Amino acid sequence: MLEDLPEETFLRVRIQALRVQIEIVAARAYATAVSGVPRQSRVATKLLALLPDPTNVRWSDAYRVIKLAQYCYRRSSDVLHGRSSMVGVTFAMVDEWEQVVADLVELYAYETAGEL
């Protein structure tokens, strides 16, 4: 039964899972930063709550991870909402996006000393 599904279906499921992980990290990071219920609705803005103090030596690494996560989030939106074709999305791209999300989760754990 599952073997009859096209590969694109499995890619979409992986992309959706990545998108949800990014949304969870963003919501938790922002809620921690503002000490309460997040009122910001934009995931890209919420992710900026993970940035450490600008004098921190890890700032540029954190910024890089956040910008990559924002890019993955935008691309996943384009794919899942049909604004971009699945034809251009490869397994290698999704593998890279999964690594970006893993880096984001690691950044969240480091910056907040929390766990997902």
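See the structure shown above.
Below is a short write-up of the structure. (Residues numbered from 1 in each chain as written. Predicted model: local features only at pLDDT ≥ 70, side-chain atom pairs only at ≥ 80, totals over all residues. Heavy atoms only, no water.)

Any aromatic ring pair is given by two values, namely how distant the centres are and how the planes are angled relative to each other. For the structure shown, the criterion picks out one aromatic pair. Ring centres of Trp 59 and Tyr 63 lie 5.0 Å apart, and the angle between their planes is 10°; this geometry places the pair in the stacked category. Placement of the pair is Trp 59 and Tyr 63 together in helix α3 (residues 59-80), with a separation of four residues, close to one helical turn. With a relative accessible area of 27%, Trp 59 lands in the partly exposed category. Of the residues examined, Tyr 63 reaches a relative accessible area of 33% and is grouped as partly exposed. (Phe/Tyr/Trp six-rings, centres within 6.5 Å; stacked < 30°, edge-to-face > 60°. Helix = DSSP H or I, 4+ residues; strand = E, 2+ residues; numbered from the N terminus. Buried < 20%, exposed > 50% of the residue type's maximum accessible area, 1.4 Å probe, protein only.)

Before going further, it helps to spend a moment on the nonpolar core. Membership of the largest hydrophobic core comes to 26 residues, with the highest contact counts inside it found for Ile 22, Leu 47, Leu 50 and Leu 104. In terms of residue count, the dominant contributor to this core is helix α4 (residues 91-112) (eight residues). Apart from the residues within four sequence positions on either side, Leu 47 is in contact with Ile 22, Ala 26, Ile 66, Ala 69, Gln 70 and Leu 104. (Core = buried A, V, L, I, M, F, W, Y, C linked by side-chain atoms within 4.5 Å. Contact = heavy atoms within 4.5 Å.)

Turning our attention to the environment of Asp 78. As for its placement among the helices and strands, Asp 78 is situated in helix α3. Since its relative accessible area comes to 24%, Asp 78 is described here as partly exposed. When the C-alpha positions of Asp 78 and Pro 54 are compared, they lie 32 Å apart, and in sequence the two are 24 residues distant.

Helix length check: helix α1 (residues 7-34), at 28 residues, gives a terminal C-alpha distance of 41 Å against a target of 40 Å (1.5 Å per residue), a fit within 8%. Where α1 is concerned, the buried positions are Leu 11, Ile 15, Leu 18, Arg 19, Ile 22, Val 25, Ala 26, Ala 29 and Tyr 30. Along its buried surface, α1 packs onto α2 (43-47), α3 and α4. (Expected span 1.5 Å × (residues − 1).)

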